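Remarks on the overall topology
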Amino acid sequence: ITVLACAILLVGAIVGLYFERREGRRLAIIGCLTLIFSLTVGTLTNARRVEIFASTAAYAAVLVVFVSGGL
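So, here is what we can say about the structure in this document.

1. Comments concerning a nonpolar patch on the surface
Where nonpolar side chains cluster on the molecular surface, the patch consists of Val11, Val15, Tyr18 and Phe19 and spans about 420 Å² of accessible area. Structurally, Val15 can be placed in helix α1 (residues 2-19). The class for Val15 is partly exposed, based on a relative accessible area of 43%.

2. Notes on the environment of Gly42
By secondary structure assignment, the location of Gly42 is in helix α2 (residues 23-44). Between the C-alpha atom of Gly42 and that of Leu27, which follows or precedes it by 15 residues, the distance is 22 Å.

3. Here we look at the pattern of salt bridges
Within this structure, the stated rule accounts for 4 salt bridges. For Glu20, the salt bridge is made with Arg22, and the minimal N-O distance between the two is 3.6 Å. Judged by its relative accessible area of 51%, Arg22 is exposed. Of the charged contacts in the structure, one is a salt bridge between Arg48 and Glu51, with a shortest N-O distance of 3.7 Å. By relative accessible area, Glu51 is classed as partly exposed at 38%. Residues joined by salt bridges that share partners form a network here, namely Glu20, Arg22 and Arg25.

4. What about helix α3 (residues 49-68)?
Over its 20 residues, α3 runs 28 Å from end to end, which matches the ideal 28 Å to within 8%, given 1.5 Å per residue. The set of residues buried in α3 consists of Ile52, Thr56, Tyr59, Ala60, Leu63, Phe66 and Val67. Down the axis of α3, the smallest arc covering the buried residues is 120°, so these residues share one side. When the buried face of α3 is taken as reference, the exposed residues oriented beyond 90 degrees from it are Val50, Phe53, Val65 and Ser68. Against the buried residues of α3 lie α1 and α2.

About the thresholds
- Residues numbered from 1 in each chain as written.
- Predicted model: local features only at pLDDT ≥ 70, side-chain atom pairs only at ≥ 80, totals over all residues.
- Heavy atoms only, no water.
- Patch = residues over 30% accessible without salt bridge, like charges linked within 9 Å, V, L, I, M, F, W, Y side chains within 5 Å.
- Areas by Shrake-Rupley, 256 points an atom, 1.4 Å probe, with all protein chains shown as cover.
- Salt bridge = Lys/Arg side-chain N within 4 Å of Asp/Glu carboxyl O.
- Helix = DSSP H or I, 4+ residues; strand = E, 2+ residues; numbered from the N terminus.
- Buried < 20%, exposed > 50% of the residue type's maximum accessible area, 1.4 Å probe, protein only.
- Expected span 1.5 Å × (residues − 1).
- Arc of directions from axis to C-beta.
- Contact = heavy atoms within 4.5 Å.

Following this line, the structure appears as structure tokens:
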């Protein structure tokens, strides 16, 4: 269930960011989805804080690279 939820958050974020053209809203979407991702990982797993931080940082990095790549 956790892997499915995280995959949905990643694919959903990329699709949402693809259709949004305003930079301010893109940043807001990234912030909100990163918060949701960290809460999901923290609630559905037994991960320690450092693991949650690392996975959330990687998730946010993927989203930022997607936005900055101009795809």
